[in-house]
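# Close look at the chain arrangement
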Amino acid sequence: MKISGSTEVFCILGHPVSHTLSPIMHNAAFQALGLDCCYLSFDVEPRDLRKGIQGLAALGIKGFNLTIPHKETVIKLLDEVTPEAARIGAVNTVMVRQNRLIGHNTDGLGFVNAFREETGVSLRGKGVLLLGAGGAARAVAFQLAKEGIANLLIINRTLSNARALVRDFGKKFTSVNWSANAFSPKVWDRIPLERVDVVINATSVGMQPNDPLMIPRSLLKERLVVCDLIYRPTKTRLLSAAEAAGAKAINGLGMLVHQGALAFELWTNKKPPVDLMKSAVKGHLDLR
Ligand code: NAP
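Residues numbered from 1 in each chain as written. Predicted model: local features only at pLDDT ≥ 70, side-chain atom pairs only at ≥ 80, totals over all residues. Heavy atoms only, no water.

Mapped onto the elements, Asn 65 comes out in strand 3 (residues 63-66). According to the relative accessible area criterion, Asn 65 is buried, its value standing at 3%. Sequence-distant contacts of Asn 65, defined by excluding residues within four places in its chain, comprise Cys 11, Ile 12, Leu 13, His 26, Tyr 39, Asn 92, Thr 93, Ala 263 and Trp 267. (Helix = DSSP H or I, 4+ residues; strand = E, 2+ residues; numbered from the N terminus. Buried < 20%, exposed > 50% of the residue type's maximum accessible area, 1.4 Å probe, protein only. Contact = heavy atoms within 4.5 Å.)

Here we take up the pattern of salt bridges. One pass over the full model with this rule turns up eleven salt bridges. Residue Asp 48 pairs with Lys 51 through a salt bridge whose shortest N-O separation is 3.5 Å. When the shortest N-O distance is used, the salt bridge between Glu 147 and Arg 116 registers 2.8 Å. Of the two residues, Glu 147 sits in the loop between helix 5 (135-146) and strand 8 (151-156) while Arg 116 sits in helix 4 (residues 107-119), which places them 31 residues apart along the sequence. You can call Arg 116 partly exposed: its relative accessible area is 41%. Residues joined by salt bridges that share partners form a network here, namely Arg 138, Arg 167 and Asp 168. (Salt bridge = Lys/Arg side-chain N within 4 Å of Asp/Glu carboxyl O.)

With that settled, consider the domain arrangement of the protein chain. Many authors give the size of an interface as the accessible area that is lost as the parts come together. Splitting the protein chain by domain gives domain 1 (8-105 + 256-287) and domain 2 (108-251). If you average the C-alpha positions of domain 1 and of domain 2, the two centres end up 25 Å apart. Domain 1 puts 16 residues into the contact, and the matching count from domain 2 is 18 residues. Around 1500 Å² of area is buried between domain 1 and domain 2 when both sides are counted, 57% of it from carbon and sulfur atoms. Where domain 1 meets domain 2, there are two salt bridges. We note a salt bridge from Glu 117 to Lys 278, for which the minimum N-O separation is 2.3 Å. Put simply, domain 1 and domain 2 have seven residue pairs in polar contact (both at pLDDT 80 or more) between them. Counting residues per element, the ones that place at least two in the side of domain 1 that touches domain 2 are helix 3 (83-88), helix 9 (253-268) and helix 10 (274-284). The biggest single contributor to the side of domain 1 that touches domain 2 is helix 9, with four residues. A per-class count over the side of domain 1 that touches domain 2 returns seven nonpolar, five polar and four charged. (Domains from an automatic or database assignment. Buried area = accessible area lost by both parts, 1.4 Å probe. Polar contact = N/O pair within 3.5 Å; in protein donor to acceptor, adjacent residues only side chain to side chain. Nonpolar A, V, L, I, M, F, W, Y, C, P; charged D, E, K, R; others polar.)

Inspection of the region around the ligand gives 22 residues, with Ala 136, Asn 156, Arg 157, Thr 158 and Asn 161 positioned closest. One of the backbone N or O atoms of Ser 204 is found 3.3 Å from an oxygen atom in the ligand. Between the ligand and the protein, one listed contact pairs a nitrogen atom with a backbone N or O atom of Gly 252 at 2.9 Å. Alone, the ligand offers 920 Å² of accessible surface; in the complex the protein occludes 77% of this. Because more than half of its atoms lie within 2 Å of the grid, the ligand is assigned to the largest pocket. Listed by contribution, the elements that provide at least two residues to the shell around the ligand are helix 5 and helix 9. Looking at the shell around the ligand residue by residue, the classes come out as eleven nonpolar, nine polar and two charged. (Near = heavy atom within 4 Å. Areas by Shrake-Rupley, 256 points an atom, 1.4 Å probe, with all protein chains shown as cover. 1 Å grid on protein atoms, 1.4 Å probe; cavity = no way out; pocket = protein on both sides within 12 Å on 5 of 7 lines; lining within 4 Å. Sits in = over half its atoms within 2 Å of the grid points.)

Before going further, it helps to examine empty space enclosed by the protein. According to the stated counting rule, one finds one cavity of 30 Å³ or more in the structure shown. Asn 201, Val 205, Gly 206, Pro 212, Leu 213, Met 214, Asp 228, Thr 236, Arg 237 and Leu 238 are the residues that line the largest cavity. (Points joined across faces, edges and corners; volume = space filled by probe spheres on them.)

Below, the structure written as structure tokens:
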């Protein structure tokens, strides 16, 4: 990669951030398209986020990403936020235009684009069981509702967060049947699993080797598509159990690549080389 006096810098801010795959995929894309751009990562502590953002604006940086724990707190530091990102309550991509910092959320559409690519299945009219109600779950829920799903059953550790999600989106998407529940042994008897076509894990449970399975194994059926937003490990306990039941299992790599591709397009106004971005990430994880 050639760095010149006119190289445009893009970056991601997180804490911690050393695990991020975003530089791998964005730099591969910049190189493939012959763009004089580079992408870096910066570990920024929450107390330094304001200074960090001001620094990026002062340096004339044209765009950046945010990851844990900055996606929510960044909102108050921006000049503008898209209505979608405002309703989701999280921003993962910032575009700088005429010195104005504009926040977007590409996570939800990134998930749906990956789902479409990997399954070829339309989400319209489907029933979805969503585990989790954090930032990623909210982005995914918003986009699922836009896609016209029929039912969204949410189960979360903290019931109030699941209820907040339903309260925030329910009035906008009245054609969706929303339900908010807390994890408990009895919840599985209460929820109408016959109305579920797709299961999505949007909790962070599954990242550690000893993490429990969040759904009883007996409920995983062949007819389901089971998605885990986690991509490291590439096969969580949930995805292994889903495969063993004959279900289609999808990890979070596709979402990672597609949310990045949407950010790339916002920044460069160019069609992102999605397949190449995916191979770069897979190559890094040694999955090719
Ligand atoms: P977040 O806002 O911190 O939300 C975490 C979610 O996990 C909440 O619903 C939380 O429940 C739940 N949770 C955490 N620990 C739990 C436990 N021990 N038992 C049960 N539930 C637990 O994080 P996020 O940004 O939404 O990220 C969630 C997951 O999605 C992470 O694994 C992240 O890596 C992944 N992700 C992937 C992509 C991608 O591109 N593939 C993008 C974004 C996120 P409470 O509400 O009770 O706290």
